[in-house]
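These are the residues of each chain, in order.
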Amino acid sequence: MSAISILETFLNGDLPFPVAADEGAFCKIWHDQGLGEAPAVSSALRGGLIADRLPWVFVAGYQAAIRHFFPDVPASGWAAYAATEDKADPVAHPPATLSADGKLHGCKSWVAQSRHVDHLLVTVGEQCVLIDAKQSGVQLSHRESPGFLGAMSQGFARFDAVTPERTYDQERMREFGRREPRYVMLAGVGYLLGQLKDAADALQRGLIGLARGLAAVCETADVAHKTLASLDRGLQSAIDRFQVAVDCTALPQWDSDRRLLSMYSARIRERATR
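Just so you know, these numbers come straight off a predicted model, no measurement behind them. (Residues numbered from 1 in each chain as written. Predicted model: local features only at pLDDT ≥ 70, side-chain atom pairs only at ≥ 80, totals over all residues. Heavy atoms only, no water.)

Asks: Summarise the nonpolar core; cite the residues concerned and give the values.
Replies: Grouped together as the largest cluster of nonpolar side chains are 96 residues, with contacts concentrated most on Phe70, Leu120 and Trp254. Counting residues per element, this core draws most heavily on helix H5 (residues 170–196), which supplies 12 residues. In contact with Trp254, not counting residues within four places along its chain, are Leu54, Tyr191, Leu192, Ile239, Phe242, Gln243, Cys248 and Leu261. (Core = buried A, V, L, I, M, F, W, Y, C linked by side-chain atoms within 4.5 Å. Buried < 20%, exposed > 50% of the residue type's maximum accessible area, 1.4 Å probe, protein only. Helix = DSSP H or I, 4+ residues; strand = E, 2+ residues; numbered from the N terminus. Contact = heavy atoms within 4.5 Å.)

Next comes the structure, spelled out in structure tokens:
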């Protein structure tokens, strides 16, 4: 379905709103609704609309962005882009490297959805390798109680002579980093719309316009920084109005996680003023 078709389905009241009290439940919903097979824009928007809390909004946008820029990642199973390394103790947790025989060794210090991840995109210098997270030699551990997006498992990875399935160049990695925010923002707009439900007012109309605008920039390679900054300003304004219109105390983890919706704003504004 296109973004417009998904919005029409939502406005007609034909979109289900499941409750996913934990990550495993949302993982099942994501798979049951075929979001891994859907076009990236549709996956992000629909995933955000059906999310009942902000950690699932991040997952929806993140999974969509990964599959846009790394289309070889299987549609089934969640994926994570593992780029962060432990600079505090690189001896105990050495950076990821590829040995002469092409095997992956080392560690990454942040893996999203670590309890339910199936595929890992691991950065190694100026390249990135795709690996099966379930294969021998991959060890995943998990943070006990992450504060931000705490309902989403977040962990560590250690690799011992792991065979990569595919290698990507630096340009693919850069594109993912530049454009991932657009997909998370689109999922965020979907979430705000979903929580408004039947509120047919100016706020809902504004969010629908934002969804259409963000869908367009997600699908467009060259977008002016000022265009994205304008969309972000619209989102931040909508959030302020949303917090007046909706009882946010009833939204799970809203206070701890709402900064997801403005997490990219400073970088977007900075680029727009260059």
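Asks: Any chance you could break down the pairing of strand S4 (residues 117–124) for me, citing the residues and the numbers?
Replies: Extensive coverage of S4 is indicated by the burial of 7 of its 8 residues. Pairing of strand S1 (residues 78–82) with S4, which is carried by 5 bridges, proceeds in the parallel orientation. By the bridge assignment, Ala82 is partnered in S4 with Val122. For S4 and strand S5 (residues 127–132), the ladder comprises 6 bridges, and the chain directions are antiparallel. Residue pairing across strands places Thr123 opposite Cys128, the latter belonging to S5. Counted along the chain from S4 to the antiparallel partner S5, the turn is 2 residues long, and its residue Gly125 has a positive phi close to 65 degrees. (Pairing = 2+ DSSP bridges.)

Asks: Help me get a handle on the pattern of salt bridges, residues and values and all.
Replies: Under the criterion given, the structure shown has 8 salt bridges. With its nearest N and O atoms 2.8 Å apart, the salt bridge here joins Asp52 to Arg53. The same class applies to Asp52 as to Arg53, namely buried. For Glu171, the salt bridge is made with Arg174, and the minimal N-O distance between the two is 3.9 Å. Of this pair, Glu171 and Arg174 both sit in helix H5, 3 residues apart, which is roughly one turn of that helix. Each of Glu171, Arg174, Glu175, Arg178 and Arg179 takes part in salt bridges that share partners, so that together they form one network. (Salt bridge = Lys/Arg side-chain N within 4 Å of Asp/Glu carboxyl O.)

Asks: Run through helix H7 (residues 225–245), naming residues and quoting values.
Replies: Over its 21 residues, H7 extends 30 Å from the first C-alpha to the last, a length consistent with the 30 Å expected when each residue adds 1.5 Å. For H7, the full list of buried residues reads Leu228, Ala229, Leu231, Asp232, Leu235, Ala238, Ile239 and Phe242. Looking at the buried residues of H7, the elements they touch are H5, helix H6 (202–218), helix H8 (254–257) and helix H9 (265–272). (Expected span 1.5 Å × (residues − 1).)

Asks: Before we move on, could you go through unusual backbone geometry and cite the residues and values that matter?
Replies: Non-glycine residue Leu149 carries a positive phi angle of around 55 degrees. With respect to the helices and strands, Leu149 occurs in the loop between strand S6 (138–142) and strand S7 (154–162).

Asks: Can you tell me about the packing of helix H2 (residues 23–32) against helix H4 (residues 54–69), naming the residues and giving the values?
Replies: Direction vectors running N to C along H2 and H4 enclose 45 degrees, while the axes themselves pass 11 Å from each other. With respect to H4, the element H2 is oriented oblique. Crossing hand, H2 versus H4: right-handed. Residues Glu23, Phe26 and Trp30 of H2 form the contact with H4, whose own contacting residues are Trp56, Val59, Gln63 and Arg67. In the contact of H2 with H4, the residues fall into 4 nonpolar, 1 polar and 2 charged. (Axes fitted to C-alpha atoms, helices over the stretch in contact; angles between N-to-C directions. Parallel < 35°, antiparallel > 145°, perpendicular 65-115°, else oblique. Left-handed = near helix turned anticlockwise from the far one by under 90°. Nonpolar A, V, L, I, M, F, W, Y, C, P; charged D, E, K, R; others polar.)

Asks: Describe the sheet that holds S5, and please don't skip the residues or the numbers.
Replies: The sheet built from 4 strands is open, its strands ordered S1-S4-S5-S8 with mixed pairing. Since the sheet does not close on itself, it has two edges, and those belong to S1 and strand S8 (166–168), each with one partner. Going from strand to strand, the sheet's axes swing by 25 degrees on average, the running direction of each strand aside. With respect to the sheet, H4 is in contact with S1 and S4, its orientation differing from that of S1 by roughly 80 degrees.

Asks: Which residues make up the state of the cysteines, and what are the values?
Replies: In total, this model carries 0 disulfides according to the counting rule given. Cys107 takes part in no disulfide bond, and the closest cysteine sulfur to it belongs to Cys128, at a distance of 17 Å. (Disulfide = S-S within 2.5 Å.)

Asks: Before we move on, could you go through the sheet that holds S7 and cite the residues and values that matter?
Replies: Strand pairing in a sheet is mediated by backbone hydrogen bonds. Such pairs are either parallel or antiparallel. Pairing in this open sheet of 4 strands is antiparallel, and the strands run S2-S3-S7-S6 from one edge to the other. For this open sheet the edge positions go to strand S2 (97–98) and S6, each flanked by a neighbour on one side alone. Bridging between S2 and strand S3 (residues 104–112) involves 2 bridges; their strand directions are antiparallel. Bridged to Thr97 within S3 is His105.

Asks: I'd like a description of the packing of aromatic side chains, backed by residues and values.
Replies: Using the criterion set out here, one finds 11 aromatic pairs in the structure. With a centroid separation of 4.9 Å and 25 degrees between ring planes, the pair formed by Phe58 and Tyr62 is classed as stacked. You can see Phe58 and its partner Tyr62 sitting in helix H4, 4 residues apart, about one turn around the helix. With respect to class, Phe58 is no different from Tyr62; both count as buried. On the numbers, 6.5 Å between centres and 80 degrees between planes, the contact of Phe69 with Phe176 is edge-to-face. Of the two residues, Phe69 sits in helix H4 while Phe176 sits in helix H5, which places them 107 residues apart along the sequence. Judged by relative accessible area, Phe69 falls into the buried class, the value being 5%. Judged by its relative accessible area of 2%, Phe176 is buried. Among the aromatic side chains, those forming a connected cluster through ring pairs are Phe69, Phe70, Tyr81, Tyr168 and Phe176. Directly above the aromatic system of Phe156 lies the positively charged group of Arg143, at a separation of 4.2 Å from the ring centroid. The ring of Phe148 has Arg259 lying over it, and the distance from NZ or CZ to the ring centre is 3.7 Å. (Phe/Tyr/Trp six-rings, centres within 6.5 Å; stacked < 30°, edge-to-face > 60°. Lys NZ or Arg CZ within 6 Å of the ring centre and 35° of its normal.)

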